[in-house]
Amino acid sequence: MKIQNQFLVNFSVFLLLACFSSCRHNHPAGAGKVKMREGTITIPTYLTEAPEINPIFYTPANYQGAQRRVYPYPNIDKLTDEKADKTYTGLFLENEFIRLCVLPEIGGRLYIAQDKTNGYNFIYHNQVIKPA
């Protein structure tokens, strides 16, 4: 539920950003329309090892009083050195000035935020995904 709420908040903010960007300038009628589409994007992704089969109720951590409570979820804690291309579903939102891509499969995170006028990514664009 928390992931869905965070996704909706992120997506709403970027939708408003896209609308604001298109309304700020004087355009002829029909210019600057916001388009939304669903598509796929292939990204190199590091693979994880199999999850721990025994439930972990509590594991003390050695920093800042952190507590690693993961039950009832499987503990997937180890990455491998192997990476493979993985296809993700992306929600693309764009107008003539900016292009945004949100990836629901990795928690609704913003993956691409690009200024289309000069190709500048104004939010860091990871070229590879390392699950954490």
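Look above for the structure.
In this convention, every chain numbers its residues from 1, walking through the sequence in written order. Owing to the predicted nature of the model, reporting of local features is limited to residues with pLDDT of at least 70; listing and counting of side-chain atom pairs is limited to 80 or more, with chain, interface and lining totals taken over all residues. Only hydrogens and water are removed before side-chain values are computed, so all heavy atoms of the structure are retained for them.

Draft legend 1. Region of interest: the pattern of salt bridges. We count a salt bridge whenever a side-chain nitrogen from Lys or Arg sits within 4 Å of a carboxyl oxygen from Asp or Glu. Evaluated as defined, the whole model comprises one salt bridge. Taking the shortest distance from any N to any O, the salt bridge between Glu 94 and Lys 116 comes out at 2.7 Å. Taken together, the residues Glu 94 in strand 4 (residues 79–94) and Lys 116 in the loop between strand 6 (109–115) and strand 7 (120–121) connect sequence positions 22 residues apart. Secondary structure follows DSSP: runs of H or I at least 4 residues long count as helices, runs of E at least 2 residues long count as strands, and numbering of each begins at the N terminus.

Draft legend 2. Fine view of the nonpolar core. Among buried residues, those of type Ala, Val, Leu, Ile, Met, Phe, Trp, Tyr and Cys that are joined through side-chain atoms within 4.5 Å constitute a nonpolar core. Residue burial is assigned from relative accessible area. The probe radius is 1.4 Å, only protein chains are included, and a residue is buried under 20% of its type maximum, exposed over 50%, and partly exposed in between. Counting residues in hydrophobic clusters, the biggest one holds nine residues: Ile 41, Ile 43, Tyr 88, Phe 92, Cys 101, Leu 103, Tyr 111, Ile 112 and Ile 129. Counting residues per element, the ones that place at least two in this core are strand 1 (35–48), strand 4, strand 5 (98–103) and strand 6. Here a residue-residue contact requires only that any non-hydrogen atoms of the pair lie within 4.5 Å. Setting aside anything within four residues of it in sequence, one finds Ile 129 in contact with Ile 43, Pro 44, Thr 45, Tyr 46, Tyr 88, Leu 103 and Ile 106. Grouped together as the second largest cluster of nonpolar side chains are seven residues, Leu 93, Phe 97, Ile 98 and Val 102 included.

So, to be careful, I would describe these as geometric facts and stop short of saying anything about function.
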